[in-house]
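Structural features, examined
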Amino acid sequence: MTVVTISIIGLVAVLLAVQLKGVKGEYGVYLVVSAGFLIFFYGVSKLETILDTMEKVQGYIKINSVYLGTLMKMIGITYIAEFASGVCKDAGYGSVGTQIEIFGKLSILAVSMPILLALMETLQVFLS
C-alpha cells in the first residue's frame, strides 16, 4: 500500500463516519477507530524497513547499538502515543488524549536520559 491508498482508506472511513453520525454515532467512531488500527499496523510494518536501514548505517559507521535502540524506542513511543491520543480526541475525550501526549513526551525524555548522560560525559572529557 502507498500513501495514496492509506489516505483514501482514511478519507473513506471519515466520510462514512460522518454519514453514520446521524443514524448511530457510535458506529462512526468504531469505523474510524478500526480504520485507524489498520493504518497503525501498516505503519508498524514499515518499521522493519527502517530497522534494516539503520543496521546498514551501523555497518558503515561505528555507532553504539544502544543509541540506535534508544532512537527506535523513541520512534515507537511517539507513534503509539500520537495514535492513542488522536483516537481519544476523535472520540471526544480530549483531556485523556492530552494526558497520553504528555505521558509519551515524559517517556521519551526518560528513555533518552542515558544518551544525555553520555553526551555530558563526552563534553566533560573535551573540556578537561
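Every chain's residues receive numbers from 1 upward, in the order its sequence appears when written. Totals for whole chains, interfaces and linings use all residues, but because this is a predicted model, local features are given only for residues with pLDDT of at least 70 and pairs of side-chain atoms are given and counted only at 80 or more. To obtain the side-chain values, all non-hydrogen atoms of the structure were included, while hydrogens and water were left out.

**Section: the environment of Val14**
Each helix is a run of DSSP H or I of at least 4 residues and each strand a run of E of at least 2, with the numbering of both proceeding from the N terminus. In this structure, Val14 sits in helix α1 (residues 3–21). Only protein chains enter the accessibility calculation, which uses a 1.4 Å probe. A residue is then buried if its area is under 20% of the maximum for its type, exposed if over 50%, and partly exposed in between. Take Val14: its relative accessible area is 42%, and that puts it in the partly exposed class.

**Focus on the domain arrangement of the chain**
The domains assigned to the chain are domain 1 (1–61) and domain 2 (64–127). Inter-centroid distance (C-alpha atoms) of domain 1 to domain 2 is 21 Å. Taking both sides of the interface into account, the surface hidden between domain 1 and domain 2 amounts to around 990 Å²; carbon and sulfur atoms contribute 86%. Accessible area, probed at 1.4 Å, shrinks when two parts are joined; the buried area is that loss added up over both. Taken as a group, Phe40, Met54 and Gln58 account for 50% of the area that domain 1 buries against domain 2, more than any other trio of residues on that side. Any Lys or Arg side-chain nitrogen found within 4 Å of a carboxyl oxygen on Asp or Glu counts as a salt bridge. Remark: the boundary between domain 1 and domain 2 carries 0 salt bridges. Any pair of N or O atoms that falls within 3.5 Å is considered a polar contact. Within protein, one atom must be able to donate a hydrogen and the other to accept it, and sequence-neighbouring residues count only if both atoms are side-chain atoms. Taken together, the links from domain 1 to domain 2 amount to 1 residue pair in polar contact (both at pLDDT 80 or more). Residue ranges assigned to the domains are those given by an automatic or database domain assignment.

**What about a nonpolar patch on the surface?**
A cluster of nonpolar residues, Ile102, Leu106, Leu109, Met113, Leu116, Leu119, Met120, Leu123, Phe126 and Leu127, forms a patch on the protein surface that exposes about 1000 Å² of accessible area. Within the secondary structure layout, Met113 lies in helix α4 (residues 94–127). The partly exposed category is assigned to Met113, whose relative accessible area is 34%. Distance thresholds for patches are 9 Å for like charges and 5 Å for nonpolar side chains (Val, Leu, Ile, Met, Phe, Trp, Tyr), applied to residues having over 30% relative accessible area and no salt bridge. Computed by Shrake-Rupley with a 1.4 Å probe, the accessible areas treat only the displayed protein chains as cover when residues are assessed.

**Some details on the packing of aromatic side chains**
Only rings of Phe, Tyr and Trp enter the pairing, Trp through its six-membered ring, and a pair is recorded when the two centres are within 6.5 Å. The plane angle decides the type: under 30 degrees is stacked, over 60 is edge-to-face, the rest tilted. With the rule as written, the count across this model stands at 6 aromatic pairs. With a centroid separation of 5.2 Å and an interplanar angle of 75°, the aromatic rings of Phe40 and Phe41 are classed as edge-to-face. Clustering of aromatic rings is evident, with ring pairs tying together Phe37, Phe40, Phe41, Tyr79 and Phe83.

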